[in-house]
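This is what each chain is made of:
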Amino acid sequence: MVRFNKEKGKTGVYSIDVKDEIETPIQEPISIPQPSNSELEKFSAFVLKVLGDENIPPTPSNFQIYFDKLLENKPAPFKKRINEFLELEVTNNDENHARIEKEVKEGFAQIKNIMQVISTIYKNLNVMQEIVKKRSSELQINPNQLAVQNIIASLGDDLKKMFTLTSKQIELLKDYYQKTTSILHEVENNSIFDARFGVYNKRYLLKSITDELKLIANYSHASSLVLAKVKEHSLEQIINKKDKETVIRNVAKLLLKTSRRSDVVAHFGDGIFGMVLKHTDLSSAKKACDRISDLVYATSFFVGTSEIETDIELAIIALDADHSIEEFLALPLEALSKTGKKLMPYIVCTIEDNQNEEDQ
């Protein structure tokens, strides 16, 4: 169970700083509210203006990122009206992809269950065959019951034919099962969703970082990577493995709550989550970490009737086109343990500083 404790602090979705000289307030009538589509048109024009001012190509992806980024700085009533309008839009393709994958996997799980039932039925039929054989042998001991023996013999022939057909059907079922298993493995190998924690998986995280590095190389914008992990001493309070996963899953939900639609939240492995914050500099990434830690510390986590004091580790690194994915992941992974409620709330990693330390 997760409960938000209002007395622990007030939190919200983090906002992204925008240059004061770029931001121009949208004039709204005071007496007569504008319809949402009119507000949306003006705000969309403003987003295009900012893209132009910052020399960012107005691609659909960049437009969505800046749309979400700039919307965070608007008053709550305005954001609510725009979000209500956007709810009519079709959801993100990757989100649909993830949802479909989840459903396909559930469907395959049901197919596997059906195969297991069929296997059990086949075993039972084999048992039945052995019973008939046994009874047939017992009847054949008595030579005076010729008619009965003839019936049993005929029954045996019929059963033999039936089991010949059954064997062929079982071979077909085995073939279908193998093909289904092959498809399942193919889906698994290309999946982008982590069903345990309700976020993207490691494969999608690495792909997202790779794609973002290519975009940075072309357009020189700022993006950041944040790694987050529930501190081990928090999980040590929990005995049951399933309860530990529940706490980690609820923290993943909080990460999603603080992220923009254009951000990528994924499970890297071993309870470590990665967040690719697109078009987000280190200053804004720090604010994002502040919001994450505030939200986690303001949320009460319960296992049964016991409240678990949750601590979180956070590390940030700025992405650039001059280094590899391995470098961007190695530093924050190593730095995570140095952060927490009683330590630094987060740590900013820089590859240059690490290289200088190695040279010394």
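Details of the structure are given in the entry above.
In this text, all values refer to a predicted model and were calculated from it rather than measured experimentally.

Draft legend 1. How the structure looks around the overall build of the protein. The helix and strand inventory of the protein stands at eleven helices and ten strands. Across the 360 residues that make up the protein, the buried fraction comes to 39%. Total accessible area on the protein stands at roughly 21200 Å², and carbon and sulfur atoms take up 54% of it.

Draft legend 2. Seen up close, helix α9 (residues 282-297). In a regular helix each residue adds 1.5 Å, so 16 residues correspond to 22 Å; α9 covers 22 Å between its end C-alpha atoms and thus fits that length. When we look at burial in α9, the residues that qualify are S284, A285, A288, C289, I292, S293, L295 and V296.

Draft legend 3. Main features of the environment of A315. Mapped onto the elements, A315 comes out in strand β9 (residues 312-319). Residues A315 and L336, spaced 21 residues apart in sequence, show a C-alpha to C-alpha distance of 5.7 Å. If we ignore the near neighbours within four places in the chain, the residues touching A315 are L225, V226, L227, P332, L336, I347 and C349.

Draft legend 4. Local environment of the environment of T180. The residue T180 is located in helix α5 (residues 146-189) in this model. On a C-alpha basis, the gap between T180 and I111 in space is 8.4 Å, while along the polypeptide they are 69 residues apart. Apart from the residues within four sequence positions on either side, T180 is in contact with F108 and I111.

Cut-offs and rules
- Residues numbered from 1 in each chain as written.
- Predicted model: local features only at pLDDT ≥ 70, side-chain atom pairs only at ≥ 80, totals over all residues.
- Heavy atoms only, no water.
- Helix = DSSP H or I, 4+ residues; strand = E, 2+ residues; numbered from the N terminus.
- Buried < 20%, exposed > 50% of the residue type's maximum accessible area, 1.4 Å probe, protein only.
- Areas by Shrake-Rupley, 256 points an atom, 1.4 Å probe, with all protein chains shown as cover.
- Expected span 1.5 Å × (residues − 1).
- Contact = heavy atoms within 4.5 Å.

The analysis is restricted to geometry; functional conclusions fall outside its scope.
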